[in-house]
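One-letter residues, chain by chain:
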Amino acid sequence: IISCSQEEESKNEINNLLFGLNNISTRFENIDRTYHVYVPKSYSAVNPSPILFNLHGGASTALDFLNNEGDMREIADTANFIIVYPQATSDNNGNPTWHLGAENSKSTDVNDVGFISHIIDDVSSIYSIDQERVYVTGFSNGGYLTYEIACLLNERIAGIGVVAGHMFIDTYNYCNPSHPTPVINIHGTEDYYNGISGYYLSQDLSNRFWYEYNNTDSNPVISNIENIDIEDGSTVELNSWLNGDNGSNLLHYKVIGGGHSYPTIGSNSIKDYMNGDIDSNILIWNFLSGYDINGKR
């Protein structure tokens, strides 16, 4: 027989196991998959928590990404949200790769959009999740999938963030969002900014799709970010398309002279590669957290 105090202590021990970083194994469409979940100490089942997916780049791992450029744990500790770092499957060369849904988009039989939906259900069976505040962000190949998720799983996603990732032509062609979708993206001008014909869109065309869909002002408000890292050889221009339906805006951080990188303040910036004027993680959370699936909160 367990006394009331013993029973409460037992529950607390179980709950404590759920805090911090947890590695979860699951099976989806006959494939064994994994993902990492970070739960802040401030989590309480009484108050449903927002959840942010952060997708690693190609040829990388979820663990490497969360321990380096994509580490948002300190932000989660302060802002009280759960972070999920899913792991991609490997391609024929053994490189972890997120897969999109058409022939020119790294297609395979792996259903990664469905996998993200599966994780939402999986995590929701363990934690109290605010289903109206599910966000997705991704870097590079993870950014490709983020756009795909925004198009094909839109009914479950409140908003997205993309760093150094393009919107593929196929994703654009079959994109069918169900609600205005706030978007923040960060992209360097030296990182195929004008796209690749027959492969993925230019950054300008990608932005145009989202600001037109969200029915924002047609012209952005343009402002320059302070150049606090003069050694990185790049500067940042913020383009803000405002007054979208339900307040769903588009923010585009154009890293002029920047390459394929994840801008981070205090990083070991490299000229024409890493920008040190902005912190991608903080910008993404501060923007997305202002929305739920119905629009501006």
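Shown above is the structure to which this text applies.
So, a few notes on the structure that sits alongside this text. (Residues numbered from 1 in each chain as written. Predicted model: local features only at pLDDT ≥ 70, side-chain atom pairs only at ≥ 80, totals over all residues. Heavy atoms only, no water.)

### Focus: the pairing of strand β9 (residues 183-188)
Right, so step 1: Counting buried positions along β9 yields six of six residues, so the element is predominantly enclosed.
Right, so step 2: Residues Val183, Asn185 and His187 point to one face of β9 and Ile184, Ile186 and Gly188 to the other, with burial holding for every one of them.
Right, so step 3: Bridge count for strand β8 (residues 159-163) against β9 is four bridges, and the pairing is parallel. What sits directly across from Val163, in β9, is Ile186.
Right, so step 4: In this sheet, strand β12 (residues 250-256) lies alongside β9 in parallel orientation, the contact comprising six bridges. Looking at β12, one finds that Ile186 is bridged to Tyr253. (Buried < 20%, exposed > 50% of the residue type's maximum accessible area, 1.4 Å probe, protein only. Helix = DSSP H or I, 4+ residues; strand = E, 2+ residues; numbered from the N terminus. Pairing = 2+ DSSP bridges.)

### Overview of the packing of helix α4 (residues 112-124) against helix α5 (residues 141-152)
Right, so step 1: At a minimum axis distance of 10 Å, the contact between α4 and α5 shows a crossing angle of 75°. On the basis of their axis angle, the class for α4 and α5 is roughly perpendicular. Of the residues in α5, those touching α4 at Asp112, Val113 and Ile116 are Leu145, Glu148, Ile149 and Leu152.
Right, so step 2: Partitioned by chemical class, the residues of the contact of α4 with α5 number five nonpolar, no polar and two charged. (Axes fitted to C-alpha atoms, helices over the stretch in contact; angles between N-to-C directions. Parallel < 35°, antiparallel > 145°, perpendicular 65-115°, else oblique. Contact = heavy atoms within 4.5 Å. Nonpolar A, V, L, I, M, F, W, Y, C, P; charged D, E, K, R; others polar.)

### What about the sheet that holds strand β11 (residues 235-241)?
Right, so step 1: Across the sheet, 10 strands lie side by side as β1-β2-β4-β3-β7-β8-β9-β12-β11-β10; this open sheet has mixed pairing. Looking along the sheet, the strands with just one partner apiece sit at the ends: β1 (20-28) and β10 (221-224). Shown here is a sheet whose adjacent strand axes are inclined to one another by a mean of 20°, direction ignored.
Right, so step 2: Taken strand by strand, α4 contacts β1, β2 (31-39), β3 (49-55), β4 (82-86) and β7 (129-139), and its axis lies near 120° from that of β1.
Right, so step 3: Contacting β3, β7, β8 and β9, α5 runs over the sheet at an angle of about 140° to β7.

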